[in-house]
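Breakdown of the fold
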Amino acid sequence: MSNTRLVNNIEWVGYIDWDVRDFHGYTTDSGSTYNAYLIKDKKTAIIDTVKAPYADYLLNNISKYVELKDVDYVISNHAEPDHSGSLPHLMKLCQNAKLVCNEKCQKTLSMYYDTGKWNFQIVDEKTELSLGANTLRFINTPMAHWPESMATYIPEQKILFSMDIFGQHLATSNRFDDEVCLATAMYEARKYYANIIMLYGKSVMSVFEKIVNLEINIIAPSHGIIWKKHISEIVSKYKDWAVCKATSKILIFYDTMWKSTAMMANAIYEGASETNKIVLKKYDLKSTNITDIATESLDAAVLAVGSPTLNKTLMPKVAEALTYLKGLAPKDKAAIAFGSYGWAKIGGQDDVQKYLQDMNCQLLLPEPLQAQFVPSKEILNQCYETGKMLAQYASKFIDTTK
Ligand code: FEO
């Protein structure tokens, strides 16, 4: 049986979702977990719940340790339904439990569920809730991920229940970072950050200001594995991600109709690859999902985005990727637009350029790189030289300490 014990009397009681592949548009190839925790002390508390369809798994896990009538507190750190979905079921069966949350969370929960019969206890950052040997403190973490988001901290155990931040959509039979491949956990944490948290980098930095003086032995997020051995590594990564710290990476993504835009992408790639120590990523959007594009954009110095003109505008898959990225708002990117057109010169590439402008990218070319129908030798040479120029720009971000 997998170890679910964080410390004596504090257990993971959540649900491992091996099958989820779409999380509001995020392609979750590795599944996920909805982490809930049980603290058994003189008083018993449950921290968060799981998605509604899996309520029975949560109840079964809790019942291994306590009777539901003996649960005193249910802490709701975040109202999003992946964590609150089982609350109606739980609050019905835990007849003596108070629902503990901040004021904003109460309001949000009341919009999602019929909370009329719930016994709320509203907490703020000054509240200390004693369970006996353990005290619960609360840290508001607005916009990491929603306005009502909150973390819970147990000073006696030095455990931070961090909610979405530090999470990963990663289903594993193991619960702790020292039981899984660290590279996999870090990759999934990066993917999670890019696709869920990237827009809220400033909020994440505010969270750091609040937790910087806390002693932390365990970070228990609401998705994926629990950080115990590699806390300094994940915190250090988060500090980079919160500011979208650029690395010497060029991300090229495009769609293509008759291979002309693909030829241009390949020439840009070839030109860029002349420079050492540049990381190049090149994706045809026909075979790549927007989740991976967002992940790769997080630490890219340069975005090179290509689209042919279709019906006087850009291709739908490019529009999808750029709409998604624009929402996630990666910071401080340099960029170029490129692509081919047929009879309508104004359209696809200009629309890509417009997206990049709207994303506050630094445009490294004043106009998109364009080819009519099929790129000529001269145009391909121009693409190659542009690739070299992009690599020159990205080389500013080479980590010279490695
Ligand atoms: Fe995992 Fe913002 O919910």
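Look up: the structure comes first, before these words.
Small disclaimer: the values here were computed from a predicted structure and weren't measured.

1. Quick notes on the overall build of the protein
- Along the protein, the regular secondary structure elements total 12 helices and 22 strands.
- On C-alpha atoms alone, the protein measures out to a radius of gyration of 24 Å, which is about the 21 Å that the 2.2 N^0.38 rule sets for 402 residues.
- Its C-alpha atoms give the protein principal-axis dimensions of about 75 × 45 × 40 Å.
- The burial tally for the protein puts 59% of its 402 residues in the buried class.
- For the protein, the proportion of contacts with a sequence separation of at least 24, taken over those separated by at least 6, is 73%.
- Carbon and sulfur atoms provide 51% of the accessible area of the protein, an area that totals close to 17,200 Å².

2. Remarks on the nonpolar core
- If you look at the biggest cluster of nonpolar residues, it comprises 90 residues, and the most contacted ones within it are Ile62, Leu109, Trp227, Tyr238, Phe253 and Leu322.
- For this core, the element with the most residues is helix α5 (residues 182-197), which contributes eight residues.
- For Leu322, the residues in contact, after removing those within four places along its chain, are Phe253, Val305, Leu314, Val352, Tyr355, Leu356 and Met359.
- Of all hydrophobic cores here, the second largest spans 28 residues; its members include Ile252, Val302, Leu369 and Cys383.

3. Some thoughts on the sheet that holds strand β7 (residues 37-40)
- Read from one edge of the open sheet, seven strands run β1-β2-β7-β8-β9-β10-β11, paired in mixed fashion. Both edges of this open sheet fall to β1 (5-7) and β11 (119-122), since each of them pairs with a single strand only. Put simply, the sheet's adjacent strands are angled 25° from each other on average, direction ignored.
- Sheet analysis places strand β9 (residues 73-75) next to strand β10 (residues 98-101), joined by three bridges and oriented parallel. Within the sheet, the bridge partner assigned to Val74 lies in β10 and is Leu99.

4. Here's the deal with the pattern of salt bridges
- All chains considered together, the criterion is met by 14 salt bridges.
- Note that Lys69 is salt-bridged to Asp70, the shortest N-O span being 3.3 Å.
- As a salt-bridge pair, Asp255 and Lys286 come within 2.3 Å of each other at their nearest N and O atoms. Within this pair, whereas Asp255 is found in the loop between β17 (249-254) and α8 (260-272), its partner Lys286 is found in the loop between β18 (279-284) and α9 (290-297), the two being separated by 31 residues in sequence.
- Classification of Asp255 by relative accessible area gives buried; the value is 3%.
- Salt bridges here are not isolated pairs; linked through shared partners, they connect Arg190, Lys249, Lys281, Glu296 and Asp299.

5. Brief notes about unusual backbone geometry
- In the Ramachandran plot, Met143 falls in the positive-phi region, its phi being about 65° despite a non-glycine side chain.
- In this structure, Met143 sits in the loop between β13 (135-140) and β14 (150-154).
- Phi angles above zero are rare outside glycine, and Lys158 is one such case at about 55°.
- With respect to the element layout, Lys158 can be found in the loop between β14 and β15 (159-163).
- Assessed through its relative accessible area of 23%, Lys158 is described here as partly exposed.

6. Topic: the packing of α9 against helix α10 (residues 316-328)
- It is at 10 Å that the axes of α9 and α10 come closest, and there the two elements cross at 45°. The orientation of α9 relative to α10 falls into the category oblique. Crossing geometry of α9 relative to α10 is assigned as right-handed. Contact residues: α9 offers Ile290, Thr291, Ile293, Ala294 and Ser297, while α10 offers Glu320, Ala321, Tyr324, Leu325 and Leu328.
- Classifying every residue of the contact of α9 with α10 by side-chain character gives seven nonpolar, two polar and one charged.

7. Focus on the sheet that holds β15
- Ordered by their spatial adjacency, five strands build an open sheet running β12-β13-β14-β15-β16, and the pairing between neighbours is mixed. Looking at which strands have only one partner, the edges of the open sheet turn out to be β12 (128-130) and β16 (218-221). Neighbouring strand axes in the sheet, compared pairwise and without regard to direction, differ in orientation by 25° on average.
- Bridge analysis of β13 against β14 gives four bridges, and the strand direction is antiparallel. Note that in β14 the partner of Asn140 across the bridge is Met150.

So, how was this worked out
- Residues numbered from 1 in each chain as written.
- Predicted model: local features only at pLDDT ≥ 70, side-chain atom pairs only at ≥ 80, totals over all residues.
- Heavy atoms only, no water.
- Helix = DSSP H or I, 4+ residues; strand = E, 2+ residues; numbered from the N terminus.
- Rg over C-alpha atoms; globule rule 2.2 N^0.38 Å.
- Buried < 20%, exposed > 50% of the residue type's maximum accessible area, 1.4 Å probe, protein only.
- Contact = heavy atoms within 4.5 Å.
- Areas by Shrake-Rupley, 256 points an atom, 1.4 Å probe, with all protein chains shown as cover.
- Core = buried A, V, L, I, M, F, W, Y, C linked by side-chain atoms within 4.5 Å.
- Pairing = 2+ DSSP bridges.
- Axes fitted to C-alpha atoms, helices over the stretch in contact; angles between N-to-C directions.
- Salt bridge = Lys/Arg side-chain N within 4 Å of Asp/Glu carboxyl O.
- Parallel < 35°, antiparallel > 145°, perpendicular 65-115°, else oblique.
- Left-handed = near helix turned anticlockwise from the far one by under 90°.
- Nonpolar A, V, L, I, M, F, W, Y, C, P; charged D, E, K, R; others polar.

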